[in-house]
Amino acid sequence: MPVSTTPSPLHAESLQDDPRIIEAKRLIAAAVSDHAAKIDSVSPPQAERGEHYQSIIADYTRDRGAPLGLTSPREWVMVPTSNSPTAV
């Protein structure tokens, strides 16, 4: 019996090709487009949301291991006196 040299599809490929995933992506893109169409200007910051936003950024920075905006580990420097890294 001949042995197939064609690799079987990866689970990720099967998931990506699943018609439900394809439809979900289409629906999400349509929803984002509909909501984005309603944005007609940039609003000023809302001071009461600042603390919450800073908390989200701090959590993300901690989990990521580097502050937002740094794209390469070569740009990251851990500051010994702080729990958060800073850019050089």
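Let us look at the structure shown here. Residue positions are counted from 1 within each chain, in the order its sequence is given. Only residues with pLDDT of at least 70 are given local features in this predicted model, and only at 80 or more are side-chain atom pairs given and counted; all residues enter the totals for whole chains, interfaces and linings. The basis for the side-chain values is all heavy atoms of the structure; hydrogens and waters are excluded.

1. Points about a nonpolar patch on the surface
A surface patch of nonpolar side chains, about 280 Å² in accessible area, is lined by Ile 57, Tyr 60 and Leu 68. Only DSSP runs of H or I covering at least 4 residues are called helices, and only runs of E covering at least 2 are called strands; the numbering of each starts at the N terminus. Mapped onto the elements, Tyr 60 comes out in helix H3 (residues 50-64). The rule is simple: take the accessible area with a 1.4 Å probe, protein chains only, and divide by the maximum for that residue type; under 20% is buried, over 50% is exposed, in between is partly exposed. According to the relative accessible area criterion, Tyr 60 is partly exposed, its value standing at 42%. Like charges within 9 Å and nonpolar side chains (Val, Leu, Ile, Met, Phe, Trp, Tyr) within 5 Å are joined into patches, using only residues over 30% in relative accessible area that form no salt bridge. Surface accessibility in these figures is a Shrake-Rupley result with a 1.4 Å probe; residues are shielded only by whichever protein chains are displayed. Between Lys or Arg on one side and Asp or Glu on the other, a salt bridge is scored when a side-chain nitrogen of the former is within 4 Å of a carboxyl oxygen of the latter.

2. Regarding the pattern of salt bridges
On inspection of all chains with the given rule, the structure shows 4 salt bridges. Taking the shortest distance from any N to any O, the salt bridge between Glu 23 and Arg 26 comes out at 2.7 Å. Of this pair, Glu 23 and Arg 26 both sit in helix H2 (residues 19-36), 3 residues apart, roughly one helical turn. For Glu 23, a relative accessible area of 34% gives the class partly exposed.

Geometry only, nothing functional implied.
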